[in-house]
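Fold and contact review
Given next are the chains, with one letter for each unit.
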Amino acid sequence: MRILGIESSCDETGVALVDASGSATPRLLGHALHSQIEMHQAYGGVVPELASRDHIRRVLPLTDTVLAQAGLPLSAVDAIAYTRGPGLAGALLVGSGVACALGFALGKPVIGVHHLEGHLLSPFLSADPPEFPFVALLVSGGHSQLMRVDGVGRYELLGETIDDAAGEAFDKSAKLLGLPYPGGPALSRLALQGDPQAYKFPRPLLHSGDLDFSFAGLKTAVLTQVKRLAHASPEGPATLHLADPLNAQQKADVAASVQAAIVDVLVRKSMAAIRQTGLMRLVVAGGVGANVLLREQLGTACAKAGVRVHYPELHLCTDNGAMIALAGGMRVQAGLADDGPVGYPFDVKPRWPLSELGGAIAA
């Protein structure tokens, strides 16, 4: 059972092929990825129309690359999985259109995959795959969630963001510091040169007694601090680019302090989820899961508590076709691949809560 996966939800075009034969975890046969970061940098963020057009250019050549890596013809594909949502509508339609066209031409089924489920299951492709059940910290883009995972499709939401997610806090803080797109990785690199204790930024909901997140207040605190530093700078008052008057060390200290606040909240909430569920295994997935400080502090906290922690490989933390092919394969193995659209419609869900995934999510 070979499944081709296509990811096109935002600014990365990913294609991959997995072998989902039998009951073993699907095995990656090949994958290829094209990032649009360079194209969008001039605009300071993703331009949806440009993203969609670039997906059109990239998806078929990437498919050829993946099939060549696997040493297989297109006819060897048994099913096509694609990102059905959530994401940018136009970008999703590219992946959906290609998947449905290939499925129709080959007479093979298509599987609409939830983008977040792809991230959630991506650590199963790592050299140290987890075992069910586990607690999952999903920190991807506009999503910050803690879940109990008992199996494929068996997810219980423990806590989530009530406003800005961790990834948004990274990106918005980076923008206030005048850092280039993508802001989160740029802020993390700058933080290496700063003092994480220079500024005492808030840790929202840290003592709320629940497992929800909130980072909007942190963003406001960063804005206030940057304005204060800008006006205190001998170079003059803040301009439209608030951080321009800040010197290099001030920027680095703000970056380090912001990162410390975000990571502190993520680590402490994750360990609270471990205690609440009684599980002894933690999975971290999504783009923020590549953050070095987060990995260090979670590793230390989990080691003290005797908890195993698992991550996807670094190159699989961001959006990619491998996680979509994997999720499609694991759904097929679990008998859950029949909750997608009937036939070959260009069917996407730009706004698709994980709780609505085929009715398979535990309450």
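The structure reproduced in this document is the subject of the present report. From a predicted model like this one, the values you see are computed outputs, not experimental measurements.

**Section: the packing of helix 5 (residues 166–176) against helix 6 (residues 183–191)**
Between two packed helices, both the angle of their axes relative to each other and the distance between the axes serve to describe the pair. Contact pair helix 5 / helix 6: the axes reach a minimum separation of 7 Å and the direction vectors enclose 70°. Relative to helix 6, the element helix 5 lies roughly perpendicular. Residue-level inspection shows F170, D171, S173 and A174 of helix 5 in contact with helix 6, the latter providing G183, G184, L187 and S188.

**Points about the nonpolar core**
F215, V254, I262, L266 and L282 are the most contacted members of the largest nonpolar core, which totals 53 residues. Put simply, the parts of the chain that give this core at least two residues each are strand 6 (134–140), helix 5, helix 6, helix 7 (216–232), helix 8 (248–277), strand 9 (281–285) and helix 9 (292–305). Examining the composition of this core, we find that 14 residues originate from one element, helix 8, more than from any other. Residues contacting F215, with those up to four places away along its chain left out, are S144, D163, D164, A165, A166, A169, I262, V265 and L266. Among the nonpolar cores identified, the runner-up in size contains 33 residues, and A81, I111, L121 and A322 belong to it.

**Quick notes on unusual backbone geometry**
The omega torsion of the bond from F132 to P133 falls at -5°, within 30 degrees of zero and hence cis. Y181 connects to P182 through a cis peptide bond whose omega is -5°. Here P182 is to be found in the loop between helix 5 and helix 6. Here L205, not a glycine, exhibits a phi torsion of approximately 60°, which is positive. Inspection of the secondary structure assignment puts L205 in the loop between helix 6 and helix 7. Here L205 falls in the partly exposed class, since its relative accessible area comes to 28%.

So, how was this worked out
Residues numbered from 1 in each chain as written. Predicted model: local features only at pLDDT ≥ 70, side-chain atom pairs only at ≥ 80, totals over all residues. Heavy atoms only, no water. Axes fitted to C-alpha atoms, helices over the stretch in contact; angles between N-to-C directions. Helix = DSSP H or I, 4+ residues; strand = E, 2+ residues; numbered from the N terminus. Parallel < 35°, antiparallel > 145°, perpendicular 65-115°, else oblique. Contact = heavy atoms within 4.5 Å. Core = buried A, V, L, I, M, F, W, Y, C linked by side-chain atoms within 4.5 Å. Buried < 20%, exposed > 50% of the residue type's maximum accessible area, 1.4 Å probe, protein only.

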